[in-house]
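Observations on chain architecture
Listed here are the chains, written in short residue letters.
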Amino acid sequence: MALTFTPFPDLGNDCPDFQLPAIDGKTYKLQDFPKGSPLVVMFICNHCPYVQAIESRLIVLGHDLKKQNVPVIAICSNDATSHPEDSFENLKKRAEEKHYPFVYLHDKSQEVAHKFGAVCTPDFFVYDKNHKLAYRGRLDDSWKDASKVTKRELYEAVQTLIKNEKVSEEQTASMGCSIKWI
């Protein structure tokens, strides 16, 4: 397991376009998430211990933001040949077992991960109401132990955007396992 940190974000960049199949049987594209609200895109997977450590908090985040009509999209871009736990079928199974409150997409070709510049799982991208990158940091200040979380950094960034305010450029990188490239 190679620990990877996200690079300093290119704040202000447009959200890359995408069109990917979801575990709910639909295909989603960026246009399905209209401007006017923040948008959260997270690259996750089933097998990564970093994602597993925060999975329950991702579910809480999804529920919290759903109540505020903020879309949350999860994308798995890992090579399912080398990591069968991350196959489309296993993504669907896990999402159903855990009752994921967010759209879960499969990027089999890894084209979308490359467009976003995603490097690890988890890797978070928060866009403002105009789909401009406003936050690319970590979920919170204690990836390993939920009981030690004192600041929900990603959630707070979204709350700042909801108030039409600018998110601080001082952002702590997310860390996790490298994306398993083909």
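See the structure printed just above.
Summarised in this report is the structure supplied together with it. What you see is a predicted model, and the numbers here were worked out from it, not measured in a lab. (Residues numbered from 1 in each chain as written. Predicted model: local features only at pLDDT ≥ 70, side-chain atom pairs only at ≥ 80, totals over all residues. Heavy atoms only, no water.)

Describing the side chain of His47
Here His47 shows up in the loop between strand S4 (39-43) and helix H1 (49-66). With a relative accessible area of 15%, His47 lands in the buried category. Here His47 is in contact with Gln52, Asn78, His83, Glu85, Asp86 and Lys180, once residues within four sequence places are set aside. (Helix = DSSP H or I, 4+ residues; strand = E, 2+ residues; numbered from the N terminus. Buried < 20%, exposed > 50% of the residue type's maximum accessible area, 1.4 Å probe, protein only. Contact = heavy atoms within 4.5 Å.)

What about the sheet that holds strand S1 (residues 3-5)?
The three strands lie next to each other as S1-S10-S7, forming an open sheet whose pairing is antiparallel. Taken across any chain shown, the strands that pair with only one partner, and hence form the sheet edges, are S1 and strand S7 (120-121). Across three bridges, the pairing between S1 and strand S10 (residues 175-178) is antiparallel. Residue pairing across strands places Leu3 opposite Cys177, the latter belonging to S10. Against the sheet, H1 contacts S1, S7 and S10, and its axis sits at roughly 135° relative to S10. (Pairing = 2+ DSSP bridges. Axes fitted to C-alpha atoms, helices over the stretch in contact; angles between N-to-C directions.)

Observations concerning the pattern of salt bridges
Where charged atoms from two side chains of opposite charge approach closely, those side chains can pair. Applying the stated criterion across every chain yields a total of nine salt bridges. With a shortest N-O distance of 2.6 Å, Glu55 and Arg94 are connected by a salt bridge. Pair noted here: Glu55 is in helix H1 and Arg94 is in helix H2 (residues 88-98), with a separation of 39 residues, a long-range link. A single salt-bridge network, built from bridges that share partners, covers Glu55, Arg94 and Lys98. (Salt bridge = Lys/Arg side-chain N within 4 Å of Asp/Glu carboxyl O.)

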